[in-house]
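In case you want the letters, here they are:
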Amino acid sequence: MTNMAQTKVPMPEQAPDVRNRNFEEVALGYTADLAMEEATRCLHCKNSPCVSGCPVNVQIPDFIALIAAGDFAGAYAKIRETSALPAVCGRVCPQESQCEGKCVRGIKGEPVAIGRLERFAADWQMQQPPVDAQPPVSNGIRVAVIGAGPSGLTCAGDLARLGYEVTIFEAFHTAGGVLVYGIPEFRLPKEIVRREIEGLKAMGVKIQTDMVIGKVLSVDEIIEMGYRAVFIGSGAGLPQFLGIPGEGAVGVYSANEFLTRINLMKAYLDGYDTPIKRSRAVAVVGGGNVAMDAARSAKRLGAEQVYIVYRRSEAEMPARKEEVHHAKEEGIEFRLLNNPKRILADENGRVCGMECVEMELGEPDASGRRRPVEKPGSEFVLDVDSVILAVGTSPNPLIRSTTPGIEANRRGCLVVDESMQTTKPGVYAGGDAVTGAATVILAMGAGKTAAASIDAYLQQNN
Amino acid sequence: MYRILDKRRLNDQVVQMTVDAPFIARKVQAGQFIILRIDERGERIPLTVADFDRAAGTVTIIFQTVGATTQRLATFEPGDEIADFVGPLGRPTEFGAPKKAVVIGGGVGCAIAYPQAKALHEMGVSVDMIAGFRSKDIVILEPEMRAVSNHLYLTTDDGSYGEKGFVTDVLKRLLTEESYDLCIAIGPIPMMKFVSKTTEPAGVKTLVSLNPIMIDGTGMCGGCRVTVGGEVKFACVDGPDFDGHLVDYDELMRRNSFYRDEEAHACRLEAQIHD
Ligand SMILES: Cc1cc2nc3c(=O)[nH]c(=O)nc-3n(C[C@H](O)[C@H](O)[C@H](O)COP(=O)(O)OP(=O)(O)OC[C@H]3O[C@@H](n4cnc5c(N)ncnc54)[C@H](O)[C@@H]3O)c2cc1C
Ligand SMILES: Cc1cc2nc3c(=O)[nH]c(=O)nc-3n(C[C@H](O)[C@H](O)[C@H](O)COP(=O)(O)OP(=O)(O)OC[C@H]3O[C@@H](n4cnc5c(N)ncnc54)[C@H](O)[C@@H]3O)c2cc1C
Ligand code: FES
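Residues numbered from 1 in each chain as written. Chains lettered and ligands numbered in written order. Predicted model: local features only at pLDDT ≥ 70, side-chain atom pairs only at ≥ 80, totals over all residues. Heavy atoms only, no water.

Visitor: What's the story with the nonpolar core in this structure? I'm lost.
Guide: Side chains of a nonpolar character, in soluble globular proteins, are inclined to be buried together. Of all hydrophobic cores here, the largest spans 79 residues; its most connected members are Ile 60, Phe 63, Ile 64, Ile 67, Leu 117 and Ile 454 of chain A. Ranked by residues supplied to this core, first place goes to helix 17 (residues 440–460) of chain A with 8 residues. Discounting chain neighbours no more than four positions away, the residues touching Ile 64 of chain A are Ala 39, Cys 42, Val 112, Ile 114 and Leu 117 of chain A. In terms of nonpolar packing, the next biggest core, distinct from the first, is built from 41 residues, Ile 399 and Ile 406 of chain A together with Leu 36 and Ile 82 of chain B among them. (Core = buried A, V, L, I, M, F, W, Y, C linked by side-chain atoms within 4.5 Å. Buried < 20%, exposed > 50% of the residue type's maximum accessible area, 1.4 Å probe, protein only. Helix = DSSP H or I, 4+ residues; strand = E, 2+ residues; numbered from the N terminus. Contact = heavy atoms within 4.5 Å.)

Visitor: I'm lost on the interface of chain A and chain B in this one. Help?
Guide: For interface size, the figure often reported is the accessible area lost on association. Contacts between the two partners involve 42 residues from chain A and, on the opposite side, 42 residues from chain B. For the pair chain A and chain B, the two sides together bury roughly 3,500 Å², of which 56% comes from carbon and sulfur. Our count for the contact surface shared by chain A and chain B stands at 2 salt bridges. The partner of Asp 273 of chain A in a salt bridge is Arg 72 of chain B, with the nearest N and O atoms 2.9 Å apart. Between the two partners, chain A and chain B, sit 15 residue pairs in polar contact (both at pLDDT 80 or more). No other element matches helix 13 (residues 255–264) of chain A, which puts 4 residues into the side of chain A that touches chain B. When its residues are assigned to classes, the side of chain A that touches chain B shows 18 nonpolar, 14 polar and 10 charged. (Buried area = accessible area lost by both parts, 1.4 Å probe. Salt bridge = Lys/Arg side-chain N within 4 Å of Asp/Glu carboxyl O. Polar contact = N/O pair within 3.5 Å; in protein donor to acceptor, adjacent residues only side chain to side chain. Nonpolar A, V, L, I, M, F, W, Y, C, P; charged D, E, K, R; others polar.)

Visitor: Honestly, the layout of surface pockets in this entry has me stumped. Any pointers?
Guide: Gaps between atoms show up when a probe of the same size as a water molecule is rolled over them. Residues and elements named next belong to chain A. Empty space within the second largest pocket amounts to approximately 920 Å³. Looking at the second largest pocket, it is lined by 32 residues, and the ones nearest its centre are Tyr 76, Val 131, Arg 195, Glu 196 and Gly 199. Elements supplying a minimum of two residues to the lining of the second largest pocket: helix 5 (72–80), helix 6 (86–92), helix 8 (114–127), helix 9 (150–161) and helix 11 (190–202). When residues in the lining of the second largest pocket are grouped by element, the largest group, 8 residues, is from helix 11. Its residues assigned to classes, the lining of the second largest pocket comprises 19 nonpolar, 6 polar and 7 charged. (1 Å grid on protein atoms, 1.4 Å probe; cavity = no way out; pocket = protein on both sides within 12 Å on 5 of 7 lines; lining within 4 Å. Points joined across faces, edges and corners; volume = space filled by probe spheres on them.)

Visitor: I'm lost on the pairing of strand 13 (residues 206–209) of chain B in this one. Help?
Guide: It is a general feature of regular strands that their side chains alternate between the two faces of the sheet. Residue and element names in this part refer to chain B. Residues Thr 206 and Val 208 line one face of strand 13 and the alternating positions Leu 207 and Ser 209 line the opposite face, and both faces are buried. Bridge count for strand 12 (residues 182–186) against strand 13 is 3 bridges, and the pairing is parallel. Along strand 13, the bridge assignment pairs Cys 183 with Thr 206. Regarding the hand of the β-α-β motif, the stretch spanning strand 12, helix 6 (residues 189–202) and strand 13 is right-handed. In this structure, strand 13 lies alongside strand 16 (residues 241–243), joined through 3 bridges in antiparallel fashion. (Pairing = 2+ DSSP bridges. Right-handed = clockwise from strand over helix to strand, strands pointing away.)

Visitor: Explain the sheet that holds strand 7 (residues 281–285) of chain A here, please?
Guide: The pairing of strands in a sheet happens through backbone hydrogen bonds and is either parallel or antiparallel. Residue and element names in this part refer to chain A. Across the sheet, which stays open at both edges, the 5 strands sit in the order 6-14-7-8-9 with parallel pairing between neighbours. In this open sheet, the two strands that pair with only one neighbour each are strand 6 (252–254) and strand 9 (333–336). Neighbour-to-neighbour, the strand axes of the sheet open up by a mean angle of 20 degrees, direction not taken into account. Looking at chain direction, strand 7 and strand 14 (residues 386–389) are connected through 4 bridges and run parallel. In the strand pairing of strand 14, Val 284 is matched with Ile 388. Contacts from helix 13 reach strand 6 and strand 14 within the one sheet, and its direction differs from that of strand 6 by about 80 degrees. (Axes fitted to C-alpha atoms, helices over the stretch in contact; angles between N-to-C directions.)

Visitor: Please explain the confidence of the model for chain B as it appears in this structure.
Guide: Segments scoring low in pLDDT should not have their predicted coordinates read at a detailed level. For chain B, the mean per-residue pLDDT works out to 91, and 95% of the residues sit at or above 70. Segment residues 265–275 of chain B is flagged for pLDDT under 50; beyond a separation of four residues in sequence, or across chains, it makes 35 contacts in the model. (pLDDT = per-residue confidence, 0-100.)

Visitor: Can you help me understand the pattern of salt bridges in this one?
Guide: Where charged atoms from two side chains of opposite charge come close, those side chains can pair. Residue and element names in this part refer to chain A. For the coordinates displayed, the defined rule picks out 47 salt bridges over all chains. Salt-bridge contacts for Arg 261 lead to Glu 257; the nearest nitrogen and oxygen are separated by 3.1 Å. Here Glu 257 and Arg 261 lie together in helix 13, a separation of 4 residues that amounts to about one turn. Like Arg 261, the residue Glu 257 is buried in the burial classification. A salt bridge links Arg 320 to Glu 323; its shortest N-O distance comes to 2.4 Å. For the pair shown, Arg 320 and Glu 323 are each scored as buried. A single salt-bridge network, built from bridges that share partners, covers Glu 13, Arg 19, Arg 187, Asp 293, Arg 296, Arg 300, Arg 320, Glu 322, Glu 323, Glu 329 and Glu 330.

Visitor: For this particular structure, what's the right way to read the pairing of strand 10 (residues 338–345) of chain A?
Guide: Residues and elements named next belong to chain A. Direction of pairing for strand 10 relative to strand 11 (residues 351–364): antiparallel, over a ladder of 7 bridges. Within strand 11, the residue paired with Asn 338 across the bridge is Glu 358. Where strand 10 folds back onto strand 11 in an antiparallel hairpin, the turn is made up of 5 residues, including Gly 349, whose phi is positive at roughly 80 degrees.

Visitor: Help me understand unusual backbone geometry in this model?
Guide: Negative phi is the rule for most residues except glycine; trans is the rule for most peptide bonds. Between Gly 87 of chain B and the following residue, Pro 88 of chain B, the backbone shows a cis peptide bond with an omega angle of -5 degrees. Secondary-structure assignment places Pro 88 of chain B in strand 7 (residues 84–89). A cis geometry characterises the amide bond from Gly 239 of chain B onward to Pro 240 of chain B, with omega recorded as 10 degrees. Within the fold, Pro 240 of chain B resides in the loop between helix 7 (235–238) and strand 16. Positive phi, close to 55 degrees, is recorded for Leu 337 of chain A, a residue that is not glycine. Turning to its location among the elements, Leu 337 of chain A is positioned in the loop between strand 9 and strand 10. Backbone geometry places Met 420 of chain A, a non-glycine residue, at a positive phi of 80 degrees. Along the chain, Met 420 of chain A turns up in the loop between strand 15 (393–394) and strand 16 (427–429). Owing to a relative accessible area of 16%, Met 420 of chain A belongs among the buried residues under this scheme.

Quick look at the structure:
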């Protein structure tokens, strides 16, 4: 029997005024009963529009049918056929513009809660005793992966499964990429990432942390060491600033710095050495997931006022809908159609305000979004003592500038063909390093494609 | 894990350690630094590579105990291990082709100035060194500095050793007597600022090594940004060496004091020298 309820089965969550003071996960996940109830909302459309909305073609109606039937292990296995990181993607994918955006149930009412169901299957699986992961028989061929974010981890996992001896070189002291340094604990518990990484190690993947490629070793040196192919998944970690006056003031951070202190260095926990400032009033500039994460983290650190300052309107905000909704519930104040003009500092050089100007939407620009234009004379000062800039990131030039033969485009993104091969034979790339800041699922998909291509390349060249 | 092979106390507050880090030893050049993290809960702190031995695969650091991490590190002994040791980071110093250089170190900054002087000396450049300390009991690396320079001018604030006064006093005098085409100044921010002010009218190219707060050391946090010639630079990837005449020292000083309350221990490199 199809469940014809117009709305998703609600997912239990921590109450907003409780969770905005802790870093524990906000959404608690479905129970088996709730998941089975939600699963019966799926109509099992013949042409499965949802699958076409998934960048990695998860067989959505099939796994949902398995959940409805109570076969959770089967559901997990079904997702795992095409997705390497279900517990992560179920939590952080922008479902509303992917699978759920195509769901027929969404025409009249809410779409099926595909993300929540994916998360349920993955979380259920994690509760089960681990199956003895026998490392696959090695084929003796070594492959190097640079960067332990979603793209690198996925590529490494797929190659290891095919028998390759994979070593991941990671610049940071912990593997996980944005999943550990960017996305906060309250949205993606680090334990989940850790388990995925343990799983890779059990398959024989070696992870060498503290290795900044381009500094300690070049790509060419890695090849000389006997690695037959290289995958570059170094992300897009270089923060942009606005170039407005006052950005050098004390109390202005990039979101990367702020979030890294919190997530990677655990500055908010007692017993960790890295410091973090507790601010009174914080302006976060930007409208993406990064801005939401920074704002909600600032609130959790005890800020009385946290503003999102975004120059367009809510409709143009690139953040996941759920994050915007959660942020509002937690008391984040949205100052939309506002643009910062300069940051004000007191006599000690510390932030004491941010001057903004109101905007209105004009004609659509190159991105198809309506271009914001200033309303003359509407300047005002926001009373804040910290400013966090979440206005975009671009790929770090370190690898491309130390690897002869590798080409990048004007935005600094590595150029690849459809097999994910760069302009240097045997060297592949994917994820944010190629696309610029994008999504976990796209990075994962790129890692998968690259792994298949590397396998084909090495089969041919062996 | 990175094993400590050797440890030497240079004075009450300054410790030298040699660490087993073969990958870094193979690549590092004068002017570059490493970032270390003592253990799982530690913070990442940058320290300049004071020396290295490519054949032995070792890297030497010299640090002053100013706060939690450096104090804790100072208790480590040979055989102990450091959780993380990342590098070589930053750009090697670009000396150019000078004929005569003056290399100036302030306090523990001498630990970083010394390898620069040594590199210049090995390039065949004629090197004078000026080394400033608060007092006699904290003088470090004197024989080493002497070995790589024509002249080592030592100053102490209190006159307990060498000349009484600041490095800039000696520098002013030398600038009238000698003709330098390169000055390297490494030490507390006020010292670098005043050295740069002194060399600017004389038109002597001056390199300073900046020490902003860093996290990753690879360009991903922007915490280390400094303003140089009106432009924003990330010291970890664009530096740490910059043209001393173009640096906004006051901004750097303000930014570096940001976490002073959180760190809850006041003593700082700058405390060593005042203007
Ligand atoms: C705060 C924040 C929130 C986000 N929220 C979402 C979300 O909700 N949903 C979503 O889908 N996406 C989200 N994203 C985007 C998503 O996280 C990224 O698109 C994705 O992580 C990209 O994966 P990647 O593997 O390409 O790179 P990354 O995850 O960036 O990993 C790259 C890795 O390479 C390492 N590296 C870099 N340079 C070197 C080098 N020279 N040598 C060795 N290692 C190197 C880095 O340290 C890092 O570990 C968010 C991003 C941020 C910053
Ligand atoms: C490129 C570079 C090279 C350096 N080389 C040396 C060196 O060779 N020898 C040496 O003794 N010192 C060096 N420093 C300074 C050294 O990193 C700091 O003294 C150290 O981080 C202090 O850590 P702490 O926990 O002991 O002190 P804390 O209690 O953390 O801080 C004491 C003071 O040190 C500064 N500081 C704190 N954290 C950092 C950080 N992550 N980066 C920079 N400064 C910080 C702050 O201004 C603070 O007020 C260098 C700094 C940089 C950026
Ligand atoms: S230390 Fe993070 S960008 Fe320089």
